[in-house]
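Residue-level listing of the chains:
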Amino acid sequence: MLVSINSEKSSLSSLRKRWGWLAALFAGSILILYGCLFLTIPHVYAQQWLAQTAVIAAYCLWIVWRYLPENYRPVIESVEAAVLPTFGWGNGLTLLRGLFVSMVAGFLFIPWPSGWLAWLPALLYTSAAIADFLDGFVARKTNHATLLGARLDMEFDGLGMFIVSLLAVWYGQLPWWYLSIGLARYFFIVGLWLREKRHLAIREMPHSWHRRIFAGFQMGFMSVVLWPIVPAWGATIAGTLFALATSASFLRDWFIVIGWLDPHAASYQARQRQLYRLFSFYLPPLFRFVFAGCGLILMGRIDTLWQPTGWVTLFNGWHLPFPAVLASFLAGVGLIAMVMITMGAMGRIMAFFILFPLGFDMIVTGPNLVNTIAISCVIMILMLGTGARSLWQPEERFMYLRAGE
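Residues numbered from 1 in each chain as written. Predicted model: local features only at pLDDT ≥ 70, side-chain atom pairs only at ≥ 80, totals over all residues. Heavy atoms only, no water.

1. Let's talk about the packing of aromatic side chains
Filter applied, for reference: Only Phe, Tyr and Trp rings take part, Trp by its six-membered ring, and two of them pair if their centres are within 6.5 Å. Stacked means planes under 30 degrees apart, edge-to-face means over 60, and tilted covers everything else. Per-residue accessibility, obtained with a 1.4 Å probe over protein chains only, is compared with the maximum for each type, and a residue is labelled buried under 20%, exposed over 50%, and partly exposed between these values. We call a charge positioned above a ring when the Lys NZ or Arg CZ atom is no farther than 6 Å from the ring centre and deviates by at most 35 degrees from the ring normal.
On inspection of all chains with the given rule, the structure shows 22 aromatic pairs. With 5.9 Å between their ring centres and 35 degrees between their planes, Phe-315 and Trp-318 make a pair best called tilted. Owing to a relative accessible area of 28%, Trp-318 belongs among the partly exposed residues under this scheme. Members of the aromatic cluster, connected to one another through ring pairs, are Trp-119, Trp-227, Phe-352, Phe-353 and Phe-356. The positively charged end of Arg-185 is found above the aromatic ring belonging to Tyr-186, 5.9 Å away from the centroid.

2. Focus on the environment of Leu-200
The cut-off we apply is this: Secondary structure is summarised from DSSP: a helix means a run of H or I of at least four residues, a strand means a run of E of at least two, and numbering begins at the N terminus for each.
Take Leu-200: it is sitting in the loop between α7 (184-197) and α8 (209-225). Given the relative accessible area of 33%, Leu-200 is considered partly exposed. Sequence separation between Leu-200 and Phe-107 is 93 residues; the distance between their C-alpha atoms is 41 Å.

3. Here's the deal with the packing of helix α3 (residues 88-105) against helix α4 (residues 120-141)
In plain terms, the rule: Between the N-to-C directions of two axes lies an angle of 0 to 180 degrees, each axis being a line fitted to C-alpha atoms and, for a helix, fitted only over the stretch in contact. Just so you know how the angles are binned, under 35 degrees is roughly parallel, over 145 roughly antiparallel, 65 to 115 roughly perpendicular, and the rest oblique. By convention, the crossing between two helices is left-handed when the near helix turns anticlockwise from the far helix through less than a right angle, and right-handed when the turn is clockwise. A contact between two residues is defined here by any heavy atoms of the two lying within 4.5 Å. Residues are grouped as follows: nonpolar covers Ala, Val, Leu, Ile, Met, Phe, Trp, Tyr, Cys and Pro; charged covers Asp, Glu, Lys and Arg; every other residue, Gly included, is treated as polar.
Where α3 contacts α4, the axes come no closer than 8 Å and their chain directions differ by 165 degrees. Taken together, the axis directions place α3 and α4 in an arrangement best described as roughly antiparallel. Classified by chirality, the crossing of α4 by α3 is left-handed. Across the interface between the two elements, Trp-89, Gly-90, Leu-93, Thr-94, Arg-97, Phe-100, Val-101, Met-103 and Val-104 of α3 pack against Pro-121, Leu-124, Tyr-125, Ser-127, Ala-128, Ala-131, Asp-132, Leu-134, Asp-135, Val-138 and Ala-139 of α4. Looking at the contact of α3 with α4 residue by residue, the classes come out as 14 nonpolar, 3 polar and 3 charged.

4. Considering helix α11 (residues 309-317)
The line we're drawing: In this description, the arc belongs to the directions extending from the helix axis to the C-beta atoms.
If you check which residues of α11 are buried, you get Trp-311, Val-312, Leu-314 and Phe-315. Looking down the long axis of α11, one finds its buried residues gathered within 160 degrees of arc, a one-sided arrangement. Close packing links the buried residues of α11 with α12 (323-343) and α13 (347-365). At the exit of α11 stands His-319, carrying a positive phi of roughly 60 degrees.

5. Observations regarding unusual backbone geometry
At Asn-143, a position not held by glycine, the phi torsion is positive, near 55 degrees. Relative to the assigned elements, Asn-143 resides in the loop between α4 and α5 (147-170). Positive phi, normally seen in glycine, also occurs at His-199, with a value near 60 degrees.

6. Let's talk about α12
For the record, the criterion: The span one expects for a helix is its residue count, reduced by one, times 1.5 Å.
With 21 residues, α12 extends 30 Å between its outermost C-alpha atoms, agreeing within 8% with the 30 Å of an ideal straight helix rising 1.5 Å per residue. Among all positions in α12, only Pro-323, Ala-327, Leu-330, Ala-331, Gly-332, Gly-334, Ala-337, Met-338 and Ile-341 are buried. Buried-residue contacts for α12 involve α10 (266-301), α11, α13 and α14 (369-384). Once α12 ends, the next one or two residues include Gly-344, with phi positive near 80 degrees.

7. A look at the packing of α12 against α13
Viewed as axis vectors pointing N to C, α12 and α13 meet at an angle of 135 degrees, and their least axial separation amounts to 8 Å. As judged from the angle between their axes, α12 and α13 are oblique. Here α12 runs over α13; the crossing is left-handed. Contacts from Leu-330, Val-333, Gly-334, Ala-337, Met-338, Met-340 and Ile-341 of α12 reach α13 at Gly-347, Met-350, Ala-351, Phe-353, Ile-354, Pro-357 and Phe-360. Looking at the contact of α12 with α13 residue by residue, the class counts come to 12 nonpolar, 2 polar and no charged.

8. Description of the side chain of Asn-371
With respect to the secondary-structure elements, Asn-371 resides in helix α14. Under the relative-accessibility criterion, Asn-371 is labelled buried at 0%. Not counting chain neighbours up to four residues away, the residues in contact with Asn-371 comprise Leu-298, Asp-361, Met-362, Thr-365 and Gly-366.

9. Quick look at the pattern of salt bridges
Stated precisely, the cut-off is as follows: Throughout this description, the term salt bridge denotes a Lys or Arg side-chain nitrogen within 4 Å of a carboxyl oxygen of Asp or Glu.
The full count for this structure, using the stated rule, is 7 salt bridges. With a shortest N-O distance of 3.0 Å, Arg-151 and Glu-70 are connected by a salt bridge. Linking Arg-151 in helix α5 with Glu-70 in the loop between α2 (43-66) and α3, this pair joins segments that are 81 residues apart in sequence. Across the pair Asp-132 and Arg-97 runs a salt bridge whose closest N-O atoms are separated by 3.0 Å. Residue Asp-132 is found in helix α4, and its partner Arg-97 is found in helix α3; the two are separated by 35 residues along the sequence.

10. Digging into the state of the cysteines
Applicable threshold: The term disulfide is used for any two cysteine sulfur atoms that are within 2.5 Å.
Within this structure, the stated rule accounts for 0 disulfides. For Cys-377, which is in no disulfide, the shortest distance to another cysteine sulfur is to Cys-294 and amounts to 5.9 Å.

Structural measurements only, silent on function.
Structural data, given as C-alpha cells:
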C-alpha cells in the first residue's frame with residue numbers, strides 16, 4: 001500500500017511538472033502569435049487580443065491543474081486505478097484544443113481582421129475541431145484513454161462552442177439568439193446543480209449516437225461560419241437548422257435526466273423508432289425531390305452554365321487565381337453533386353460540396369426563395385442522409401463510429 005501511495009504521488013508530481021511545461025508552451029505560442037498580430041493590426045486590438053487570450057488560456061490551464069488526479073484509465077472490474085505520469089498523445093491533442101480555443105477568444109469584441117488574417121479565427125477553430133476528432137482515436141490506439149481526457153473533452157467542447165458562437169454573433173454572421181446554443185451546456189449544468197441543491201432526482205442519460213452526430217455537425221458548421229466568404233444570410237439559414245437539431249437533442253436529454261421521459265419504457269422506444277424512420281427514411285427523399293426542382297430552376301437562371309459570369313466577377317473581387325477556370329470547375333462540381341444527391345449516391349458528402357455553389361449563388365444574386373429552399377434541403381440531407389430509395393450510401397457506416405472503431 002505504501003508503494004502504491006508513493007507511486008501515485010510520484011505520478012502526480014511528474015504530471016505537475018509537465019503541466020508547467022504545458023503552461024510555458026501556451027505562453028510561448030500566444031506571445032508568438034501576438035507578435036505577428038502586433039505587426040499587422042492596430043496595436044490596441046493586438047493588446048486586447050493578448051489580454052483576452054491570456055484570460056481564457058489561464059482558465060484552461062486551471063481546469064487541467066484541477067483535474068490532474070483524474071489522469072487514470074477507467075476502472076475495469078477489480079483492476080485498481082493508477083494515476084498515469086504522462087498526459088499521452090491523445091490528451092496532448094485535447095490540450096492543443098484548449099490553446100486554439102483561447103486564441104479564438106482573443107478576437108472577441110475587436111473588428112474582424114482584413115486580408116488573410118480574416119481567415120485566422122476560422123483556421124484556429126477548425127484546428128481545434130480536427131484535434132477533437134482525433135484525440136479520442138489517438139488515446140484509444142495508445143491505450144491512454146483517461147478520465148482526465150474525457151473531462152477536458154467536455155470542458156473544452158462547451159467553452160469552444162460558447163466562444164465561437166459569441167464570435168459569430170459579434171461578426172454579424174449569426175443572429176443574437178444563437179448564443180443560447182453556445183450556452184446550452186452551461187444551462188444544462190446549472191439546471192442539474194439546482195436540482196441537486198433541491199434534492200431532486202437526477203437520472204442518468206443513456207448513450208445516444210445522434211447526440212454525438214449532431215454535436216459533430218454543429219462543430220463543423222461553426223468552423224465554416226467564420227469563413228469571410230460565407231454570406232450572413234446563408235449562415236443564418238444553416239445555423240437555424242443546426243440549432244433546431246441541437247436544441248431537440250438537449251431538450252430530450254433534459255427531460256430524461258429530470259424523469260419526464262423514461263428511455264427504458266416501451267412507449268418511449270416505440271416513439272423513437274417511429275421518429276427514426278420518419279427522419280431517416282421517409283423525409284430525406286422528399287428533401288431530395290424538392291432540392292432537385294430548386295437546382296433545375298437555379299441552373300436555368302445562370303447566364304452561362306459552365307462559366308457563370310457572376311461567379312467570375314466574384315472570384316476576381318476575391319483576387320483568386322484563374323477565376324474563369326475556377327468558376328467552370330465549381331459549376332461542374334455543383335452539377336455532379338446535384339445529380340448524385342437526387343439519386344441518393346454519397347448524398348451527405350455531395351451535400352457538403354454543393355453548399356459552395358449554392359453559397360456563391362446567394363452572394364451573387366442575393367437570398368431568394370429558391371436558393372433558400374435549396375440550401376435548407378441540402379442541410380437536412382447533410383444531417384439526415386438521403387433516406388429510402390438511395391442508390392449508394394457508403395458514408396452511413398462511418399456516421400455511427402468514432403475514429404478508429
